[in-house]
Amino acid sequence: MEEIQFYLQYEKSGRAYEDYFGFADHHPMDVDAIYELMPTEEQFNAFMDALKSVSPAPIYFVELGERNGVYSHRENEINISWRISPVMAFRTALHEMTHAILHPWPGGIKPEHELPRAVRETEAEGVAYLVCRHYGLDTSVYSFDFLQSWMRHLTQEEIAFSAELIQETAKDLVKAIDAALEKQT
């Protein structure tokens, strides 16, 4: 398999950051390190309240079986599994919010020329990863494997276009979430 590489640039506290995606060399994080990243219940609730306030669709925690989350175009709602960890719930909410923002179905009707699923999933996960990373939540164990599984179906042109859209959408979401968090204090 050919190694897929590109950079995502984003800004945090006035400093520019670049995340390098080189999937062939990816090594999963130590499981103990994941538990150190878990937010407290208070932090999780504050972040979820902020996400709910900026989401274009209502967010609900429900039973989803094996799925982590889903954005329903027809119902215009986001459903997140109540069984997943707080970090995964935050990531999943961001992923599904990105679908609602970038890939809507006006009036619940599928558009005639919808983007390929590989493009939609790459954009949603790229945004979720960058926003989580901005807030100190490392989702790379899940996100890199997810991205790799979808990006292998994309052309270099699609990757370049999506990378720019991912960066802009992540910046916009961070600004909106920061403003919502600021209102809570």
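In what follows, the accompanying structure is described.

Criteria and thresholds
Residues numbered from 1 in each chain as written. Predicted model: local features only at pLDDT ≥ 70, side-chain atom pairs only at ≥ 80, totals over all residues. Heavy atoms only, no water. Helix = DSSP H or I, 4+ residues; strand = E, 2+ residues; numbered from the N terminus. Contact = heavy atoms within 4.5 Å. Core = buried A, V, L, I, M, F, W, Y, C linked by side-chain atoms within 4.5 Å. Buried < 20%, exposed > 50% of the residue type's maximum accessible area, 1.4 Å probe, protein only. Phe/Tyr/Trp six-rings, centres within 6.5 Å; stacked < 30°, edge-to-face > 60°. Salt bridge = Lys/Arg side-chain N within 4 Å of Asp/Glu carboxyl O. Axes fitted to C-alpha atoms, helices over the stretch in contact; angles between N-to-C directions. Parallel < 35°, antiparallel > 145°, perpendicular 65-115°, else oblique. Left-handed = near helix turned anticlockwise from the far one by under 90°.

1. Quick notes on the overall build of the protein chain
And then number 1: Within the protein chain, the secondary structure is distributed over 6 helices and 5 strands.
And then number 2: Relative to all contacts within the protein chain whose residues are 6 or more apart in sequence, the contacts with residues 24 or more apart total 60%.

2. Remarks on the nonpolar core
And then number 1: Of all hydrophobic cores here, the largest spans 35 residues; its most connected members are Leu-51, Ile-59, Phe-90, Leu-94, Val-131, Tyr-135 and Ile-177.
And then number 2: Of all the secondary structure elements, the ones that give two or more residues to this core are helix H2 (41-54), strand S5 (77-81), helix H3 (86-102), helix H4 (117-134) and helix H6 (156-184).
And then number 3: A per-element tally of this core places H3 first, with 8 residues.
And then number 4: Those residues within four positions of Ile-59 in sequence are excluded, and the remaining contacts are Met-48, Leu-51, Lys-52, Ile-78, Ile-80, Ala-93 and Met-97.

3. Overview of the packing of aromatic side chains
And then number 1: A full pass over the atoms with the stated rule returns 6 aromatic pairs.
And then number 2: Ring geometry for Tyr-129 and Phe-144: centres 5.3 Å apart, planes at 50°, overall tilted. With a gap of 15 residues between them, Tyr-129 in helix H4 and Phe-144 in helix H5 (residues 140-151) connect regions that are remote in the sequence. Neither residue differs from the other here; Tyr-129 and Phe-144 are each classed as buried.
And then number 3: The interplanar angle of 25° and the centroid separation of 5.8 Å between the aromatic rings of Tyr-142 and Phe-146 together place this pair among those described as stacked. Of this pair, Tyr-142 and Phe-146 both sit in helix H5, 4 residues apart, roughly one helical turn.
And then number 4: For Phe-146, a relative accessible area of 17% translates into the label buried.

4. Details of the environment of Ala-89
And then number 1: Positionally, Ala-89 belongs in helix H3.
And then number 2: Counting along the chain gives 28 residues from Ala-89 to Phe-61, while the straight-line C-alpha distance between them is 9.1 Å.

5. Thoughts on the pattern of salt bridges
And then number 1: Considering all chains together, one arrives at 6 salt bridges under this definition.
And then number 2: Where Arg-83 meets Glu-63, a salt bridge forms, and the shortest distance between an N and an O atom there is 2.7 Å. Placement of Arg-83 in the loop between S5 and H3 and of Glu-63 in the loop between strand S3 (59-62) and strand S4 (69-72) is noted, with a sequence separation of 20 residues between them.
And then number 3: On the basis of relative accessibility, which here comes to 41%, the residue Glu-63 falls in the partly exposed class.
And then number 4: Each of Lys-110, Glu-114 and Arg-120 takes part in one network of salt bridges that share partners.

6. Focus: the packing of H4 against H5
And then number 1: Where H4 meets H5, the axes come as close as 9 Å, and the angle between the chain directions of the two elements is 160°. Our classification of the angle between H4 and H5 gives roughly antiparallel. Between H4 and H5 the crossing geometry is left-handed. Listed contacts from H5 to Arg-117, Ala-118, Glu-121, Thr-122, Glu-125, Gly-126 and Tyr-129 of H4 are Ser-140, Tyr-142, Ser-143, Phe-144, Phe-146, Leu-147, Trp-150 and Met-151.

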